[in-house]
Amino acid sequence: MQQILIDSHKQNVLDIAERFPQDLEIYSKMMSVPAGLQTVINNRTTPNLFLWVSRPDGTIATQSTSLRQNSDTAAELLSLSGLRKPQVYRVNGRYLVLCSIPLSLRGDTIGKLYVAHDITHDQTMFMALIRSLSVATLLSILVLMLIISIYVRRSLQPLRQISQLAGTISADDLSQVRLQLERAPSEVKELAQAFNMTLSRLSAAWEQQQQLVSDVSHELRTPLTLVHGYLQSMLRRSVNLTEPQREALEVASSETKRTIRLLQDLLSLARADSGYLYCSLESFVLNDLVVEVVEMVEQFSNRAIAIEGTFPIKVRADHNFLKQVLINLIDNAVKYSASATPITLKLEQIAENVLIQVCDRGYGIPLQQQTRIFERFYRVDEARSTEGSGLGLAIVKTLVEGMGGSVTVRSKIGEGSIFTVTLPTNC
Ligand code: ADP
């Protein structure tokens with residue numbers, strides 16, 4: 001824009017300079033050369049146009065009235081000499097397009113003609129326009145950036161929701177959790193729909209798998225119980241068995257028993273996963289159940305188990321669940337400690353909670369594995385005990401949490417372990 005403006009002014013100045021000799025020629029026929037020069041200059045002069053002619057020796061032959069009226073600019077302008085192409089000059093704070101051409105009349109050189117056009121007004125207007133445009137552009141960019149950032153933030157909000165959901169979702173809540181996006185861009189809504197469909201498919205697959213585990217465990221448990229019964233009765237009744245035959249039958253019987261237990265555990269977990277493990281909470285005296293379980297385990301394991309805390313404590317729990325929990329924990333204490341070491345069961349009531357601690361002085365559990373032992377099929381060291389499947393503590397956790405409680409472990413290698421079950425009291 002600035003170039004176009006300057007070019008048009010340059011052309012204007014050049015046109016005036018080029019037509020000047022023709023006008024001079026005409027006027028010089030009617031009057032003397034100096035008078036002709038002055039007349040042509042006066043004809044051309046406007047308040048913004050300065051014209052002057054310098055003689056070959058550099059002195060000023062004549063000048064326009066506009067130049068005389070601007071004496072401050074005139075002094076600097078008149079001191080210019082030499083031939084100049086149309087250019088923009090800054091003279092005394094003004095912008096001028098200046099050019100000069102040699103001036104001759106009928107073949108005689110009379111000097112040089114200088115034409116200067118004051119374009120300060122146009123230039124300052126142009127600069128002001130540039131300034132306002134820059135400010136407007138900057139403001140528009142800022143407003144646009146703000147609008148874009150708000151839009152991007154709003155568009156990303158549903159994605160954040162999806163990633164939060166994907167990060168927290170577990171197998172248990174696959175069937176309940178769905179994304180509800182009302183105010184999201186259509187592309188994100190499509191993504192949410194695809195995500196919901198994936199969840200539905202996963203949920204269906206998970207349910208099928210649970211159903212399969214449950215069905216298989218159930219179908220296998222009955223015939224295996226029968227096989228175990230036959231093996232036991234064969235062992236009891238057959239008196240003429242050779243030693244290797246008896247040993248083989250004993251191994252078969254104990255493996256069948258172990259498999260039945262594993263199937264029972266799998267069935268319990270599958271039921272818990274599919275929500276069919278009904279927990280009926282009731283208030284009862286904990287001490288009675290503890291004594292019953294301890295007597296039962298003592299009978300099977302030939303280990304003495306001490307009970308600390310004889311003051312009757314009432315607990316709100318499912319009787320069968322809690323019995324299973326205690327059996328699993330005491331069974332582990334027996335399995336993972338030497339027969340000469342003591343096993344203690346401590347009962348305590350703290351505020352609204354009942355604490356049941358199963359303490360042993362056994363092998364202990366390494367710190368980094370203490371959080372993993374509640375996972376399904378996780379066993380610390382297969383060599384410690386061949387009995388067991390790694391499901392006992394997973395069942396304990398499921399049952400305790402199903403009753404609204406929690407289970408934790410504190411253990412040190414070589415010193416023993418303390419499993420603490422916390423349950424709500426009678427409320
Ligand atoms: P398992 O059928 O193997 O006993 P659990 O789920 O009951 O399965 O226990 C998981 C693992 O935790 C066990 O394999 C064992 O290594 C460790 N563990 C459980 N209880 C104790 C304990 N009282 N002392 C030492 N280790 C234990």
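Before we move on, can you summarise the packing of aromatic side chains with the specific residues and values?
According to the stated counting rule, one finds two aromatic pairs in the structure shown. Measuring from ring centre to ring centre gives 5.0 Å for Trp-52 and Tyr-114, while their planes differ by 5°; the resulting arrangement is stacked. Taken as a pair, Trp-52 in strand E1 (residues 49-54) and Tyr-114 in strand E5 (residues 108-118) lie far apart in primary sequence, 62 residues in all. Here Trp-52 and Tyr-114 have matching classes, each one buried.

Could you give me a rundown of the nonpolar core, with the residues and numbers involved?
With 43 residues, the main nonpolar core has Leu-322, Val-325, Ile-330, Leu-345, Ile-356 and Leu-423 as its most contacted residues. Every element with two or more residues in this core is listed here: helix H8 (286-301), strand E8 (314-317), helix H9 (319-335), strand E9 (343-350), strand E10 (353-360), helix H10 (392-402), strand E11 (406-412) and strand E12 (416-424). Here this core gets eight residues from one element, more than from any other, and that element is H9.

Just give me the short version of the site of the ligand, but keep the residues and values in it.
Near the ligand there are 20 residues, and of these Asn-332, Tyr-336, Asp-360, Arg-379 and Leu-393 occur at the shortest range. The side chain of Tyr-336 places a nitrogen or oxygen atom 2.7 Å from an oxygen atom of the ligand. Note that an oxygen atom of the ligand is positioned 3.0 Å from one of the backbone N or O atoms of Gly-390. Coverage of the ligand by the protein amounts to 98% of the 520 Å² it exposes when considered alone.

Describe the environment of Ser-233, naming the residues involved and giving the relevant values.
With respect to the helices and strands, the residue Ser-233 is situated in helix H6 (residues 186-237). In this structure Ser-233 comes out as buried when scored by relative accessible area, which is 18%. Along the sequence, Ser-233 and Asp-331 sit 98 residues apart, while their C-alpha atoms lie 26 Å from each other. Engagement of the side chain of Ser-233 in a polar contact is seen with the backbone oxygen of Tyr-230, the distance being 3.2 Å.

Please set out H9 residue by residue, giving values where relevant.
Taking 1.5 Å per residue as the helical rise, H9 with its 17 residues ought to reach 24 Å, and the 24 Å between its terminal C-alpha atoms agrees with that figure. Among all positions in H9, only Phe-321, Leu-322, Val-325, Leu-326, Asn-328, Leu-329, Ile-330, Asn-332, Ala-333, Val-334 and Lys-335 are buried. Regarding H9, its N-cap is Asp-318, as a side-chain oxygen of that residue lies 3.0 Å from the backbone nitrogen of Asn-320 further along.

Quick rundown of the pairing of E9? Include the residues and the values.
Looking at chain direction, strand E7 (residues 305-308) and E9 are connected through four bridges and run parallel. By the bridge assignment for E9, Ile-307 is matched with Leu-345. Where E9 and E10 come together, eight bridges link them in antiparallel fashion. Its bridge partner lying in E10, Ile-350 is registered against Asn-353. Hairpin geometry of E9 and E10 is characterised by an intervening segment of two residues between the two adjacent antiparallel strands and by a positive phi of about 50° at Ala-351.

Rules used in this analysis
- Residues numbered from 1 in each chain as written.
- Predicted model: local features only at pLDDT ≥ 70, side-chain atom pairs only at ≥ 80, totals over all residues.
- Heavy atoms only, no water.
- Phe/Tyr/Trp six-rings, centres within 6.5 Å; stacked < 30°, edge-to-face > 60°.
- Helix = DSSP H or I, 4+ residues; strand = E, 2+ residues; numbered from the N terminus.
- Buried < 20%, exposed > 50% of the residue type's maximum accessible area, 1.4 Å probe, protein only.
- Core = buried A, V, L, I, M, F, W, Y, C linked by side-chain atoms within 4.5 Å.
- Near = heavy atom within 4 Å.
- Polar contact = N/O pair within 3.5 Å; in protein donor to acceptor, adjacent residues only side chain to side chain.
- Areas by Shrake-Rupley, 256 points an atom, 1.4 Å probe, with all protein chains shown as cover.
- Expected span 1.5 Å × (residues − 1).
- Pairing = 2+ DSSP bridges.

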